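Chains, contacts and geometry: an overview
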Amino acid sequence: MNDSFDETICDRNVLPPDAEPKKGERSILLVIIAGSEVDFGRHFVLEKEEVTIGRECGNGIVIHDPKISKAHCAIAVVQGGRGVERIDLRDLETTNGTSVNGEPVARATLMAGDKIQIGDTILQLSYGDEIEREYHAKLFQLAARDALTGLYNKRFVLNEVENHIRIARRNGRVFSIILIDIDDFKKVNDRYGHLAGDEYLAEVAGLFTRSLREQDIAGRIGGEEFLIILPETALDGAFQLAVRIRKNVEEFVLDRSGQRIRTTISAGVCQFENAIRDLPEFLELADQAMYEAKRAEKNKVIQASYPIQAEK
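Let me sum up the structure you'll find in this document. A quick note: this is a predicted structure, and the numbers were derived from the prediction, not measured. (Residues numbered from 1 in each chain as written. Predicted model: local features only at pLDDT ≥ 70, side-chain atom pairs only at ≥ 80, totals over all residues. Heavy atoms only, no water.)

The next thing to look at is the sheet that holds strand β5 (residues 73–80). On the basis of which strands lie adjacent, the open sheet formed by five strands has the order β4-β3-β5-β6-β9 and mixed pairing. A strand with exactly one partner marks an edge of an open sheet, and here the two such strands are β4 (61–62) and β9 (107–110). Of the pairings in the sheet, the one linking strand β3 (residues 50–54) to β4 comprises two bridges and is parallel in character. For isoleucine 53, the partnering residue across the bridge sits in β4 and is isoleucine 61. (Pairing = 2+ DSSP bridges. Helix = DSSP H or I, 4+ residues; strand = E, 2+ residues; numbered from the N terminus.)

Examined against the element boundaries, threonine 233 turns out to sit in the loop between β14 (225–231) and α6 (235–251). Threonine 233 sits in the buried class, given a relative accessible area of 0%. (Buried < 20%, exposed > 50% of the residue type's maximum accessible area, 1.4 Å probe, protein only.)

Glancing now at the packing of aromatic side chains. For any pair of aromatic rings, the description consists of the separation of the ring centres together with the inter-plane angle of the planes. With the rule as written, the count across this model stands at six aromatic pairs. Between the aromatic rings of phenylalanine 175 and phenylalanine 272, the centroid separation amounts to 5.7 Å while the plane-to-plane angle is 20°, which identifies the pairing as stacked. Here phenylalanine 175, found in strand β12 (residues 175–182), pairs with phenylalanine 272, found in the loop between β17 (265–271) and α7 (279–295); they are 97 residues apart in sequence, far enough to count as distant. Neither residue differs from the other here; phenylalanine 175 and phenylalanine 272 are each classed as buried. Taken together, a centroid distance of 5.5 Å and an interplanar angle of 80° make the contact between phenylalanine 272 and phenylalanine 282 edge-to-face. One end of the pair, phenylalanine 272, is in the loop between β17 and α7; the other, phenylalanine 282, is in helix α7, and ten residues separate them in sequence. With respect to burial, phenylalanine 272 and phenylalanine 282 carry one shared label: buried. The rings of Phe175, Phe272 and Phe282 are connected pair by pair, giving a single aromatic cluster. Above the plane of the ring of tyrosine 152 lies arginine 145, whose end atom (NZ or CZ) is 3.9 Å from the centre. (Phe/Tyr/Trp six-rings, centres within 6.5 Å; stacked < 30°, edge-to-face > 60°. Lys NZ or Arg CZ within 6 Å of the ring centre and 35° of its normal.)

Moving on, we come to the pairing of β3. Summarising the sheet, β3 and β5 pair through four bridges and their orientation is antiparallel. Bridging from a neighbouring strand, threonine 52 pairs with alanine 74 of β5.

Viewed as axis vectors pointing N to C, helix α4 (residues 185–192) and helix α5 (residues 194–210) meet at an angle of 135°, and their least axial separation amounts to 7 Å. One way to sum up the angle between α4 and α5 is to call them oblique. For the pair α4 and α5, the contacting residues are Phe185, Val188, Asn189 and Tyr192 in the first and His194, Ala196, Gly197, Tyr200 and Leu201 in the second. Split by residue class, the contact of α4 with α5 holds six nonpolar, three polar and no charged. (Axes fitted to C-alpha atoms, helices over the stretch in contact; angles between N-to-C directions. Parallel < 35°, antiparallel > 145°, perpendicular 65-115°, else oblique. Contact = heavy atoms within 4.5 Å. Nonpolar A, V, L, I, M, F, W, Y, C, P; charged D, E, K, R; others polar.)

Now the structure itself:
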């Protein structure tokens, strides 16, 4: 594999949103209750003594809000003899500031129910047991996931591409996308039925995710069309990954009641460049490469570079 694909970056959230305290314990939760629609319902369990919140990697909680500073505020859980003594918040000398319950603060001691606003994002502090944690997790899943495949839905994944474009322009960070379409999928539905087609889509989505790193993002953006975001990955590394995914799909056979269902994919790969004006142009470049693959007998990967190159 190309070295560019082996590079790693910090996880999108160092503090895991699904952290599991001991059974029966109540957790300190931060829940996003306003801001980006794709973040609504996301929750974070405060376990560390202090965690920073900001829009850049390296923070304990990363929130993609352009009005939030790189490191915006810090929350400290102060322990006493009987457990949690207090929860302190401090603004990290930001331009836009931090508010608690609508009042600007430099420092504050938080209580359950308090609402913290940073940028356009509002987080609410609460205490929750296992049931409440599952409730917030399900809210987020319903808002962000495709019900059939379990991948991210179109709204979420396109929002993530826009976030990565902003980061790339600001910090010069490289990233690429893979646009994938299943070849002749209508024939699968016509021959085997829509239930079989749905099962095949779900299985192929699993093939995609098993090929990815933790920080990569895969989404379903159409009936049989998928988009994969590869942070910190240049064109060559993304191209090699797309070829590997193509081969995995080509070799995969869904055995369903004696029926052997198989097909192939065509894919277009594109690296973001500052010369690209916006999200629609970026997607159009990947889309052109994908349809060039379809015109070239399908079951191919083509990269959107100049000149356009096809898999040999």
